[in-house]
Amino acid sequence: MKINPLNRIDTVYQAYQKQQQPNRAEAAKQPQTEKVELSSEAQLQIQKDKDAKIEQLKSQIANGTYKVDSEKLADKLLSAWKSGAKIDE
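First, a word on what this report is: a plain description of the structure on this page. Since the structure is predicted, the reported quantities are computational estimates derived from the model, not experimental observations.

### Things to note about the overall build of the chain
Regarding its fold elements, the chain presents three helices and zero strands. The N-to-C order of helical and strand elements in the chain reads α-α-α. For the chain, buried positions account for 1% of its 89 residues. Only carbon and sulfur atoms are counted for the fraction: they give 54% of the accessible area of the chain, which is about 9200 Å².

Set out below in structure tokens:
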């Protein structure tokens, strides 16, 4: 009786591994994403903070005490322009 050598099994196993490698590579290429959900309390706090900031800005504009930082404005405009964003829309 003749026994087949183990290298044939190894050859089949290596061929199987080569077929599986593209699937593993594709799985590794897919970006891993994480999802964060805020509690209702956190959402309420954020909304309160936004409302307070809006009211503060409204009062400063109404009183004439609101000052625009021209350097920050210019930096934002330049970065938007460099990124290709349409500023007039």
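### A closer look at a nonpolar patch on the surface
Side chains of Ile61, Tyr66, Val68, Leu73 and Leu77 sit close together on the surface and give an oily, nonpolar patch of about 480 Å² of accessible area. By secondary structure assignment, the location of Tyr66 is in the loop between α2 (40-63) and α3 (70-82). Accessibility expressed as a relative area gives 39% for Tyr66, which makes it partly exposed.

### A few points about α3
An ideal rise of 1.5 Å per residue puts 18 Å on 13 residues; α3 measures up with 18 Å between its terminal C-alpha atoms. Judged by how many residues are buried, α3 sits mostly at the surface: zero of 13 residues are covered. Phi for Gly84, located one or two positions after α3, is positive at around 90°.

Thresholds applied
Along each chain, residues carry numbers from 1 onward, in the same order as the chain's sequence is written. Local features in this predicted model are restricted to residues whose pLDDT is 70 or higher, and side-chain atom pairs enter the listing and the counts only when it is 80 or higher, whereas totals over whole chains, interfaces and linings include all residues. Side-chain numbers here rest on the full set of heavy atoms in the structure, without hydrogens or water. Helix and strand definitions here come from DSSP, where helices need a minimum of 4 consecutive H or I residues and strands a minimum of 2 consecutive E residues; each element is numbered from the N-terminal end. Each residue is placed in one exposure class: buried if its accessible area under a 1.4 Å probe, protein chains only, is under 20% of its type's maximum, exposed if it is over 50%, and partly exposed if it falls in between. Working definition of accessibility: Shrake-Rupley area with a 1.4 Å probe, residue cover restricted to the visible protein chains. To count toward a patch, a residue needs a relative accessible area over 30% and no salt bridge; like charges are then connected within 9 Å, while nonpolar side chains (Val, Leu, Ile, Met, Phe, Trp, Tyr) are connected within 5 Å. When a carboxyl oxygen of Asp or Glu is within 4 Å of a side-chain nitrogen of Lys or Arg, the pair counts as a salt bridge. What a helix is expected to span follows from its residue count: subtract one and scale by 1.5 Å.

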